[in-house]
Amino acid sequence: MDVLSDVITVARTGRPRSAYVRWHAPWRQQFASVPGSAGFQVILEGRCWLLSPHAAPVELGAGDVLFLPHGSGHTLADSPETAVTAPACTPDDPELPGPYTSDIVDRFGQGGPATVVLCGAYQLDPSRTHPLLLTLPDLIHLSADASRHPELPAAVQLLASEVGNPRLGTTATVPALLDTLLMYILRIWLAEQPTRGSTSGWAAALNDPAVTAALHAVHRDPAAPWTVAKLAAEAGLSRATFARRFTSMIGQPPLGYLTWWRMTTAARLLQATEAPLRSIAAQVGYTSEFAFANAFKRTHGLAPGAYRRMS
């Protein structure tokens, strides 16, 4: 596994949700703030405006993608001047018939020009949220530009087709496509960050071959008996230079990140599998179940068994 794949695999919990919605002007839809989630909006047809009390309105067109990593509240409308026409929407809205809802037509529009939006949310586990996600801005806006990142519109088209026209296998296909969309959003955003000369932050780290090599090694085999010297060898740097660079970019020393990742991986295994504690301990690098339990409790505040029972 690479770092970005693990960020998505570990952080997301439960089933993502999505809806294919058609609004007819005039319309104005508020989306409530949902802590512990990440939301997205993809403009499939027509135009609309992103409205925020803290920023100037932003006009959006077909192909534009919005990603809200922290579940921030926001508003979309056909015009900045349009008044509220519907109550605030949440991912668990009881009026939505299922997790993947197709072609909802708003009840408040008056037959004006249509805007079609693919919207949705990912539920995140705050106890397992990767620090990469914590450093993202409240809003990521990727403009429609197939020449710069053709994979994004391709994923959007596939997802819109499945949600807008459910068929045999859609229930299995949509979660995978939603994860793919999230992966492309994060990959594109990270690649577009100005990292030249930067010595801190995850964008800089994932564009630094040495630090990335060490991170991939930890994620590929968290059970390995890693030391700073062994990770420095993976990075192709001296021990001191590697430790200094890693800590500056990631915000914690190499072995601190290793322990955090091991305990985060263990938490996911406890929730997602019935594997015995001895097996989970071995998978994250502990030969002693007692030592594993102590490390886990220091990180999560609960013994592994109690954590599993609460899941």
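The rules behind the values
- Residues numbered from 1 in each chain as written.
- Predicted model: local features only at pLDDT ≥ 70, side-chain atom pairs only at ≥ 80, totals over all residues.
- Heavy atoms only, no water.
- Helix = DSSP H or I, 4+ residues; strand = E, 2+ residues; numbered from the N terminus.
- Rg over C-alpha atoms; globule rule 2.2 N^0.38 Å.
- Contact = heavy atoms within 4.5 Å.
- Areas by Shrake-Rupley, 256 points an atom, 1.4 Å probe, with all protein chains shown as cover.
- Lys, Arg positive; Asp, Glu negative; His and termini not counted.
- Charge placed at Lys NZ, Arg CZ, Asp CG, Glu CD.
- Buried < 20%, exposed > 50% of the residue type's maximum accessible area, 1.4 Å probe, protein only.
- Axes fitted to C-alpha atoms, helices over the stretch in contact; angles between N-to-C directions.
- Parallel < 35°, antiparallel > 145°, perpendicular 65-115°, else oblique.
- Nonpolar A, V, L, I, M, F, W, Y, C, P; charged D, E, K, R; others polar.
- Core = buried A, V, L, I, M, F, W, Y, C linked by side-chain atoms within 4.5 Å.
- Phe/Tyr/Trp six-rings, centres within 6.5 Å; stacked < 30°, edge-to-face > 60°.
- Salt bridge = Lys/Arg side-chain N within 4 Å of Asp/Glu carboxyl O.
- pLDDT = per-residue confidence, 0-100.

## Structural notes on the overall build of the protein chain
A tally of helices and strands in the protein chain yields 12 helices and 10 strands. Taken over the C-alpha trace, the protein chain has a radius of gyration of 22 Å; the compact-globule value for 311 residues is 19 Å, and the two agree within 12%. For the C-alpha atoms alone, the extent of the protein chain along its principal axes is close to 65 × 45 × 35 Å. For the protein chain, the proportion of contacts with a sequence separation of at least 24, taken over those separated by at least 6, is 75%. Total accessible area on the protein chain is roughly 14,500 Å²; 55% of this is exposed by carbon and sulfur atoms. For the protein chain, the distance from the average site of its 24 positive side-chain charges to the average site of its 24 negative ones is 12 Å.

## A look at the side chain of His130
Here His130 lies in the loop between strand E9 (114-123) and helix H2 (131-134). For His130, a relative accessible area of 1% translates into the label buried. In this structure, His130 is in contact with Val3, Val7, Trp202, His219, Tyr257, Trp260 and Trp261, ignoring residues within four places of it in sequence.

## Remarks on the packing of helix H7 (residues 228-235) against helix H8 (residues 239-250)
To characterise two packed helices, one gives the angle between the axes of the helices and the distance between these axes. Two elements in contact, H7 and H8, have axes separated by 9 Å at closest approach and are oriented at 85 degrees. Taken together, the axes of H7 and H8 lie roughly perpendicular to each other. For the pair H7 and H8, the contacting residues are Val228, Ala229, Leu231, Ala232 and Ala235 in the first and Arg239, Phe242 and Ala243 in the second. Partitioned by chemical class, the residues of the contact of H7 with H8 number seven nonpolar, no polar and one charged.

## Thoughts on the nonpolar core
In terms of nonpolar packing, the biggest core is built from 63 residues, with Phe67, Tyr122, Leu181 and Tyr257 touching the most fellow members. By residue number, the principal contributor to this core is helix H4 (residues 170-191), which donates 12 residues. Not counting residues up to four positions away in its chain, the partners in contact with Tyr122 are Arg12, Pro16, Gly36, Ser37, Ala38, Phe40, Phe67, Leu178, Asp179, Leu181 and Leu182.

## Some details on the packing of aromatic side chains
The relative placement of two aromatic rings is captured by the distance of their centres and the angle of their planes. If you walk through the whole model with that rule in mind, you get 11 aromatic pairs. Summarising the aromatic geometry, the rings of Trp260 and Trp261 are spaced 6.1 Å apart at their centres and angled 40 degrees between planes, so their arrangement reads as tilted. When its relative accessible area of 19% is taken as the criterion, Trp260 is described as buried.

## Some points on the pattern of salt bridges
One pass over the full model with this rule turns up four salt bridges. Arg245 is paired through a salt bridge with Asp208; the nearest N and O atoms lie 3.3 Å apart. Separated by 37 residues along the polypeptide, Arg245 in helix H8 and Asp208 in the loop between helix H5 (202-206) and helix H6 (209-220) bring together distant segments of the chain.

## Overview of the environment of Leu237
Looking at the element boundaries, Leu237 is found in the loop between H7 and H8. Once you skip the residues sitting within four places of it in the chain, Leu237 turns out to touch Ala210, Ala232, Phe242 and Arg245.

## Topic: the confidence of the model for the protein chain
Chain-level statistics for the protein chain give a pLDDT mean of 87 and a share of 91% at 70 or above. Averaged pLDDT values for the elements of the protein chain fall to 61 in strand E8 (residues 100-105) and rise to 98 in H7.

## Some thoughts on the packing of H6 against H8
In contact at an axis separation of 10 Å, H6 and H8 are set at 85 degrees when each is read in the N-to-C sense. Classed by the angle they form, the pair H6 and H8 counts as roughly perpendicular. Residue-level inspection shows Ala210, Val211, Ala214 and Leu215 of H6 in contact with H8, the latter providing Phe242, Arg245, Phe246, Met249 and Ile250. Taken together, the residues of the contact of H6 with H8 sort by class into eight nonpolar, no polar and one charged.

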